[in-house]
Amino acid sequence: MNQDMSNITSVLRKPRKCPHCGGKVVSILYGEPTPEAFEAAERGEFILGGCCINELSPHWECLSCGHQFIRVITQSQ
Ligand SMILES: [Zn+2]
């Protein structure tokens, strides 16, 4: 399989599992994490994304392969 250069897939909603490897997809938490957030991240419940977030920041990430997913906002309105 060719390597995905962008490593980010646009999705309408959180994938139940990674379409690439079938791994668990978890939310990426931005901002300053609480101690509870650190513990949950160590349990693999979500990923800590750091304090920098913008409109291009992905929302979810695969725990197995690291592929990231960003929510697309449809502009049909
Ligand atoms: Zn994956």
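Everything here concerns the structure above.
What follows concerns the pairing of strand E3 (residues 46-50). In this sheet, E3 lies alongside strand E2 (residues 25-30) in parallel orientation, the contact comprising 4 bridges. The residue bridging Ser27 from the neighbouring strand is Phe46, located in E3. For the crossover from E2 across helix H1 (residues 35-42) to E3, the handedness is right-handed.

All right, on to the environment of Pro19 then. Checked against the element boundaries, Pro19 lands in the loop between strand E1 (8-11) and E2. Pro19 sits in the partly exposed class, given 14 other C-beta atoms within 10 Å. Sequence separation between Pro19 and His67 is 48 residues; the distance between their C-alpha atoms is 9.3 Å.

This part covers the nonpolar core. In terms of nonpolar packing, the biggest core is built from 5 residues, these being Cys18, Val25, Trp60, Cys62 and Phe69. If near-sequence neighbours (up to four positions away) are discounted, Phe69 is found in contact with Ile8, Thr9, Val11, Pro15, Val25, Pro58, His59 and Trp60.

Another point: the sheet that holds E2. Read across the sheet, 5 strands follow the order E1-E5-E4-E2-E3 without closing on themselves; strand pairing throughout is mixed. A single partner strand is all that each edge strand has here, and the edge strands are E1 and E3. Each adjacent strand pair in this sheet contributes to an overall mean axis angle of 35°, direction not counted. Relative to strand E4 (residues 60-62), E2 runs antiparallel, the two being bridged by 3 bridges. What sits directly across from Val25, in E4, is Cys62. H1 contacts E2 and E3 of the sheet and is inclined by roughly 125° relative to E3.

Thresholds, definitions, all that
- Residues numbered from 1 in each chain as written.
- Predicted model: local features only at pLDDT ≥ 70, side-chain atom pairs only at ≥ 80, totals over all residues.
- Pairing = 2+ DSSP bridges.
- Helix = DSSP H or I, 4+ residues; strand = E, 2+ residues; numbered from the N terminus.
- Right-handed = clockwise from strand over helix to strand, strands pointing away.
- Buried ≥ 20, exposed ≤ 12 C-beta atoms within 10 Å, placed from the backbone.
- Core = buried A, V, L, I, M, F, W, Y, C linked by C-beta atoms within 7 Å.
- Contact = placed C-beta atoms within 7 Å.
- Axes fitted to C-alpha atoms, helices over the stretch in contact; angles between N-to-C directions.

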